[in-house]
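These are the residues of each chain, in order.
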Amino acid sequence: MLVRGIAYGGDYNPEQWPDSYLQDDIRLMKEAGVSVVTLGVFSWSSFEPEQDRFEFDRLSEVMDALHSAGIGIDLATGTASPPSWLSQQFPSTLPTTADGVRLAWGSRQQYNPNSAVYRERTAALVTALASRFANHPGLVAWHVNNEYGCHVWESFDDESAGRFRAWLANRYDSLDNLNRAWGTEFWSQRITDWDQVIPPRTTPTLHNPHRLDDWRRFCSDSLLELYLIERDILRAANPAVPITTNFMGLFFPVDYWKWAEHLDFVSNDSYPDPADPRAAREFAFDCDLMRSLGKGKPFIQMEQVTSAVQWRNRNAAKRPGQYRLWSIMAVALGADGILNFQWRQSLAGAETFHGAMVPHAGRASRTWTEVVGLGSDLGELSHVQGHTLSNKVAIVWDWENAWAYANAVGPTNEAVPENAARDWHATFFELGLSVDFVHPSQDLTSYAVVIVPSLFRLTVLHARRLHDACASGTHLVVSHLTGYVDERGHATEGGYLAGLRDILGVTVTDYSARAIEPAALGSAEQLAVDVDRISSSVGTPAADTRVDLEWMLTGYSGAARNWAESVRIDKHDVETIARFDTADAQAQVAVTVRRSPGHGSAWYIATELDGRARRSITIAVLGERGIEVDFSLPAGVQRLERGGVAFVLNHGDQTVKVEGTDVPPRGLTLRAAVTREPELAPLEAP
Ligand code: GAL
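Reading the values: rules and limits
Residues numbered from 1 in each chain as written. Predicted model: local features only at pLDDT ≥ 70, side-chain atom pairs only at ≥ 80, totals over all residues. Heavy atoms only, no water. Helix = DSSP H or I, 4+ residues; strand = E, 2+ residues; numbered from the N terminus. Rg over C-alpha atoms; globule rule 2.2 N^0.38 Å. Buried < 20%, exposed > 50% of the residue type's maximum accessible area, 1.4 Å probe, protein only. Contact = heavy atoms within 4.5 Å. Areas by Shrake-Rupley, 256 points an atom, 1.4 Å probe, with all protein chains shown as cover. Lys, Arg positive; Asp, Glu negative; His and termini not counted. Charge placed at Lys NZ, Arg CZ, Asp CG, Glu CD. Pairing = 2+ DSSP bridges. Axes fitted to C-alpha atoms, helices over the stretch in contact; angles between N-to-C directions. Polar contact = N/O pair within 3.5 Å; in protein donor to acceptor, adjacent residues only side chain to side chain. Near = heavy atom within 4 Å. Nonpolar A, V, L, I, M, F, W, Y, C, P; charged D, E, K, R; others polar. Salt bridge = Lys/Arg side-chain N within 4 Å of Asp/Glu carboxyl O. Parallel < 35°, antiparallel > 145°, perpendicular 65-115°, else oblique. 1 Å grid on protein atoms, 1.4 Å probe; cavity = no way out; pocket = protein on both sides within 12 Å on 5 of 7 lines; lining within 4 Å. Points joined across faces, edges and corners; volume = space filled by probe spheres on them.

Caption draft 1: Region of the structure containing the overall build of the protein. Helices and strands together make up the secondary structure of the protein, namely 17 helices and 26 strands. For 686 residues, the compact-globule formula gives about 26 Å, and the C-alpha radius of gyration of the protein, at 27 Å, lands near that figure. Seen along its three principal axes, the alpha-carbon backbone of the protein occupies a region of about 80 × 75 × 60 Å. Put simply, the protein has 686 residues, and 57% of those count as buried. In the protein, once contacts between residues fewer than 6 apart in sequence are set aside, the share between residues at least 24 apart is 72%. Only carbon and sulfur atoms are counted for the fraction: they give 50% of the accessible area of the protein, which is about 27900 Å². Here the protein contributes 61 positive and 86 negative side-chain charges, whose respective centroids are spaced 3 Å apart.

Caption draft 2: Quick peek at the sheet that holds strand β11 (residues 436–438). Strand order in the open sheet made by the 8 strands is β11-β10-β12-β13-β20-β19-β18-β16, with mixed pairing throughout. Because the sheet does not close on itself, it has two edges, and the strands there are β11 and β16 (549–551). Taken pair by pair, the neighbouring strands of this sheet meet at an average axis angle of 20°, ignoring direction. Both strand β10 (residues 393–396) and strand β12 (residues 449–452) contribute to a ladder of 3 bridges, which runs parallel. Bridging from a neighbouring strand, Ile-395 pairs with Ile-451 of β12.

Caption draft 3: The arrangement of the side chain of Gln-638 in detail. Counting through the fold element by element, Gln-638 comes out in strand β22 (residues 637–642). Among the polar contacts made by the side chain of Gln-638, one reaches the side chain of His-651 at a distance of 2.8 Å.

Caption draft 4: Representation of the site of the ligand. What surrounds the ligand is the set Phe-42, Arg-108, Asn-146, Glu-147, Asp-269, Tyr-271, Glu-303, Trp-311, Phe-341, Glu-351 and His-354. Between Glu-303 and the ligand, the recorded distance is 2.7 Å, taken from a side-chain N or O atom to an oxygen atom. Here the ligand has 310 Å² of accessible area as a free molecule, and 94% of this is covered by the chains. When the residues that make up the shell around the ligand are grouped by side-chain class, the tally is 4 nonpolar, 2 polar and 5 charged.

Caption draft 5: Spatial organisation of the pattern of salt bridges. Within this structure, the stated rule accounts for 46 salt bridges. Residue Arg-614 pairs with Asp-423 through a salt bridge whose shortest N-O separation is 3.9 Å. On the criterion of sequence distance, the pair formed by Arg-614 in helix α17 (residues 611–624) and Asp-423 in helix α14 (residues 416–430) is long-range, its members being 191 residues apart. Using a relative accessible area of 8% as the deciding quantity, one classes Arg-614 as buried. Look at the salt bridges and you will find they share partners, linking Arg-171, Asp-214, Arg-217, Asp-398, Glu-400 and Arg-457 into a network.

Caption draft 6: Summary view of the packing of helix α10 (residues 279–293) against α14. One can describe the packing of α10 onto α14 by two numbers: an axis separation of 10 Å at closest approach and a directional angle of 105°. Classified by the angle between their axes, α10 and α14 sit roughly perpendicular to one another. Listed contacts from α14 to Ala-280, Arg-281, Glu-282, Ala-284, Phe-285 and Asp-288 of α10 are Ala-421, Arg-422, His-425, Ala-426, Phe-429 and Glu-430. Taken together, the residues of the contact of α10 with α14 break down into 6 nonpolar, 1 polar and 5 charged.

Caption draft 7: Looking closely at unusual backbone geometry. Geometrically, the link from Phe-341 to Gln-342 is a cis peptide bond, its omega value of 0° lying close to zero. Within the secondary structure, Gln-342 is located in the loop between β9 (335–340) and α12 (366–380). For the bond from Gly-410 to Pro-411, the omega torsion is 0°, close enough to zero to count as cis. In this fold, Pro-411 is placed in the loop between α13 (399–407) and α14.

Caption draft 8: Representation of the layout of surface pockets within the structure. By volume, the largest pocket amounts to about 1300 Å³. Together, 50 residues line the largest pocket, and Phe-42, Arg-108, Gln-109, Phe-341 and Glu-351 are the ones closest to its centre. Counting residues per element, the ones that place at least two in the lining of the largest pocket are α2 (44–47) and α10. Considering every element that reaches the lining of the largest pocket, the biggest residue donor is α2, with 3 residues. Residues belonging to the lining of the largest pocket are distributed by class as follows: 19 nonpolar, 20 polar and 11 charged.

Set out below in structure tokens:
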């Protein structure tokens, strides 16, 4: 964003109020220290009330007034919520569900990403907007559409089928290649004509997983095409204005790695639930992910809420201090802007009770006091703008892997890669460390430690990157369910872990899922030994969530859950760190490490560790590389550094003393950082 200092503000939708509110809004914005507002996110029906009649005069007045007051404009293109005339005149612009139901107008984001008419009409609107405003002096960024994929990311109509076919033809060249990739000899699914390729509409039972993987890729790419259409128009109109679209954290349907390279800066929307004690952790996850998607460059927190949202069943408000605390945490983790949805709380519509910077009560509210307070804090942090973080630890995250697991139909039908990534991130968050996320095909050699949580789909390139990293000294921690399928989602033969077997020195030969509810056959009455002579004597370890571990060394503790693999040790220098202490896997290897001279160590974890066990291993691995964890910090306290500032953030409910200063509950202190760039421990000589 073309803004000096840490940007502060929110979505501003002045069309909802009488024109006379504008001057009052600007006065309040100045009082709060607002430097940027996002205009026009859902304004298509006022920008273009009927086809090709563009009305921008009011927008122009608002932009001029904001600019004269020194407030920058992040101008949205308004294409996320098509007006009623579009669907009335062109029903093909509406999305169709897998059951063939065409979704109706009357909410928002009701567009079919594959509709040619939708694409033409968005291009027309964006061209008109750009030709009028691309050189406006108040324009600090373009905000393309809004939260691509939110609510609707796919459509199953015939037009979408046509685009899917073209996309597949481009990927596979021939039907033979497609048939091989999709494994269509199974269940008689061989395709003999491109016209037989259709979207994965509702079927009697399970879908072909490889087709679903391609459908996911296609849908993400198709949405990306929409973004690029708009981006190219805006870029041509004025190359100096940066362009973004707002992401949504670990949003499943869109591969943000692929998208991020087309954004001038990454921006994100986060709404963690203040009723959950893990909310700050979740927010930190999003911040670490966004900074990483932008290759370490600062990101903009494009949306969050000052108090409570309205869309949960119970909408907890942020506690006193949390709005400031979490916002400053985002800055410490790389945000160069803190924006909210929205500036003024709506008077009507579906978001009337969503929090805002100016609540219904106006200045007479705690929210307003906190909004003004944060504006002044951010003003004092302006020198942090542009500064990056340098993290030594990374966690592998790959959307295609998560899709492959979700579509695979077993081994368990749970969100394993997402949960594993969140769990490992949580371990570092709780230890007070910010970490990067990385794609498994990128160069990983600059990291001291790389965590590979459940990389189910492991490609040849991924394995090579991990090899190279380990050979250059990176410590790898690979967890369960890795290397089960290849690039196409086809099973790995000869033992799982595939191309990682030689660095880890182990092979996974079998697996067993735990914590599966035993199905009740007949009535689920309690079994009694005198009545159910046979069944009552049958044990079911698979029904136990917990999987106990026996640690071979002191300093480790914790258990596991849900999953146990059989591991064969292939290399003599593999050390066993823990064994299973659980039925059916008793004494089998659960955690191993291989330390090869001149290489980083390579850990394998054949189960899903609990928090205590993850912490033990993390501390051991960090210790081996000389990365310090500050164990002196009181409970609740996070200490981060960015741009020469040490941020001491107290998430807890008690006043704590840190470095001689009292930090109140949900309070913070800022001080000059004494830089503590880790001195990495040398590797054992080869
Ligand atoms: C986002 C959206 C905003 C607002 C917000 C409410 O999904 O971009 O316009 O609806 O959620 O929390």
